[in-house]
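# Tertiary structure, described
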Amino acid sequence: MKFSRIFILSFICSLSVVGRSTSSPNVRTAYLQESGGSTGLLQTAGLQLRGSTGMTVQLGSRSEALLRRRPTLFVPPISEIPPLEPSPADLEPAPALVDARPRFRGEYDDEILTKLCSLQVKSIRPLGGGSSIKLRVMFTDGSQAAVKPNQLRITRYQAEVAAYKLAKALGLSVVPPSCVRTFTKEALQANMPKDLRERMDQELVVDDKGNVKTAVIQWVPGLRNIKLEQADWWRPLLKQGEPIPSGKHKRIAEISTLLLFDYLLLNFDRWSGGNTTEADGEMIYIDQGASFGPDKKHGHSRLMLKTLKWSERFPRSIAQSLFQLDLPALRSDFGDLVSDDEWESFLYRVEHARAYIRTLKKQYPKEALF
Ligand SMILES: Nc1ncnc2c1ncn2[C@@H]1O[C@H](COP(=O)(O)OP(=O)(O)O)[C@@H](O)[C@H]1O
Ligand SMILES: [Mg+2]
């Protein structure tokens, strides 16, 4: 009897000692151990980090008690941490392809260019629409291209190719790749209707060997005119404060990018008709033949800035590209497609486009870029 009283008394005492802990003894022993060494102590206002052996957390007055007992956060040794378990094969996402090579409609530009610039021509036909002299060639492998020869008016073959190079430098993949090729006038004229032959006689620029330089431009199947110049729904959506309906975001981004692209190129022939096109729901920028050219005292550039200002917001990605444009690399890529005067005028527009976007960002910090 006496023995059982002593046992009960000592049991109650042991319970009251354990009861002082505010956390469950099991949890406490699992996560908080008595501190070992004191290497690498870092102390800030309310936080103490202890080095390799563990962590002491100090929070307000309660932390003083903790500090006295010097508890540390238990971190298992590296050897005991299980390696990442791979997810089942069917849940594993495909490895991300980090492939910065430019593409046009799914095909690598350099592969397109290899063909465009070297394949043998099988046939040449007239290409209707528009007002310049242009042709449609078929290569021996069945692929096709639009061809704009060097001519005295309306279009400049150099501008078409330079525009593609600028698009590539800006990271835009909506301008069909193109390159310069030379054909004999004879080959270009063969099989043309009489009126076109006569026009070619008058307007083609032919060298003394009978050759004509041309821009050979990747053919875009299913290209269709979207006649944006005849629609007005998009104009207010380029303005600040105007909410863009969710279904219109992509098209507004394409239009504002086009306005910036044309400004840089000094292309004033976008809105005269027939020069806004799409294929498979994506805008394709064609007909940049009116770009560059003379810009006395930047008069044309100043005029074009008004058209750029139709848009008061731009996709963030194109704005970034504009600021990151590698100008020396672009100058060398342009080569003699762009004269020194045209380059100087282009630099003026780069500077003013950047200034315009900086101003928009100041005026409308949240909306200028989308
Ligand atoms: N690369 C191309 N792929 C498919 N069609 C094209 C291509 N280039 C031009 N075209 C067709 O030819 C038409 C006139 O071309 P464009 O470049 O606008 O010539 P222009 O300088 O005479 O205005 C376009 O509207 C389009 O229908
Ligand atoms: Mg045109």
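Right above here is the structure, for reference.
This section reports on the structure supplied with the text. What you see is a predicted model, and the numbers here were worked out from it, not measured in a lab.

### A look at the overall build of the protein chain
If you tally the helices and strands in the protein chain, you get 12 helices and 14 strands. Buried residues in the protein chain amount to 40% of all 370 residues.

### Considerations on unusual backbone geometry
Even without being a glycine, Ile154 presents a positive backbone phi close to 70°. As for its position among the elements, Ile154 is in the loop between β9 (144–149) and α5 (157–169). For Ile154, a relative accessible area of 37% translates into the label partly exposed.

### Structural notes on the coordination of the magnesium ion (ligand 2)
In an ideal tetrahedron of four donors about a metal, each angle is 109.5 degrees. In an ideal octahedron of six donors, the angles are 90 or 180 degrees. Distances from the magnesium ion (ligand 2) to its protein donors, namely Asn275 (OD1) and Asp287 (OD), fall within the range 2.1 to 2.3 Å. One end of the pair, Asn275, is in the loop between α8 (249–265) and β13 (277–279); the other, Asp287, is in the loop between β14 (282–284) and α9 (299–308), and 12 residues separate them in sequence. Exposure class is identical for Asn275 and Asp287. Each is buried.

### A word on the state of the cysteines
Inspection of every chain in the model, using the stated rule, returns 1 disulfide. The disulfide partner of Cys117 is Cys179, and the S-S distance across this bridge is 2.3 Å. Torsion about the S-S bond of the Cys117 and Cys179 cystine: about -140°, corresponding to left-handed handedness. One end of the pair, Cys117, is in helix α4 (residues 109–118); the other, Cys179, is in strand β10 (residues 178–184), with 62 residues separating them in the sequence.

### Notes on the nonpolar core
Leu166, Leu260, Phe261, Leu264 and Phe346 are the most contacted members of the largest nonpolar core, which totals 81 residues. Ranked by residue count, the leading element in this core is α8, at 9 residues. Among the domains, domain 2 (103–218) and domain 3 (224–363) are the pair contributing at least three residues each to this core.

### Some thoughts on the side chain of Thr277
One can find Thr277 in strand β13. There is a polar contact of 2.8 Å between the side chain of Thr277 and the backbone oxygen of Ile284.

### Comments concerning the layout of surface pockets
Rolled over the atoms, a probe as big as a water molecule pinpoints where empty space is left. By volume, the largest pocket is sized at about 650 Å³. Every residue lining the largest pocket is counted, 32 residues in all, and those nearest its centre are Leu127, Lys134, Lys148, Ile286 and Asp287. Of all the secondary-structure elements, those providing two or more residues to the lining of the largest pocket are β9, β11 (211–218) and β12 (224–225). Per-class residue counts for the lining of the largest pocket are 11 nonpolar, 15 polar and 6 charged. For the lining of the largest pocket, the domains that each give at least three residues are domain 2 (103–218) and domain 3 (224–363).

### Considering the sheet that holds β13
A sheet is described by the order of its strands in space; here 3 strands give the open sequence β12-β13-β14, paired in antiparallel fashion. The strands lining the two open edges of the sheet, one partner per strand, are β12 and β14. Relative to β13, β12 is paired through 2 bridges, and the arrangement is antiparallel. Along β13, the bridge assignment pairs Asn225 with Thr277. Where α8 meets the sheet, its contacts fall on β13 and β14, and the angle it forms with β14 comes to roughly 15°.

Rules and cut-offs
- Residues numbered from 1 in each chain as written.
- Chains lettered and ligands numbered in written order.
- Predicted model: local features only at pLDDT ≥ 70, side-chain atom pairs only at ≥ 80, totals over all residues.
- Heavy atoms only, no water.
- Helix = DSSP H or I, 4+ residues; strand = E, 2+ residues; numbered from the N terminus.
- Buried < 20%, exposed > 50% of the residue type's maximum accessible area, 1.4 Å probe, protein only.
- Donors = N, O, S within 2.8 Å, 3.2 Å for Na, K, Ca; no water.
- Disulfide = S-S within 2.5 Å.
- Core = buried A, V, L, I, M, F, W, Y, C linked by side-chain atoms within 4.5 Å.
- Domains from an automatic or database assignment.
- Polar contact = N/O pair within 3.5 Å; in protein donor to acceptor, adjacent residues only side chain to side chain.
- 1 Å grid on protein atoms, 1.4 Å probe; cavity = no way out; pocket = protein on both sides within 12 Å on 5 of 7 lines; lining within 4 Å.
- Points joined across faces, edges and corners; volume = space filled by probe spheres on them.
- Nonpolar A, V, L, I, M, F, W, Y, C, P; charged D, E, K, R; others polar.
- Pairing = 2+ DSSP bridges.
- Contact = heavy atoms within 4.5 Å.
- Axes fitted to C-alpha atoms, helices over the stretch in contact; angles between N-to-C directions.

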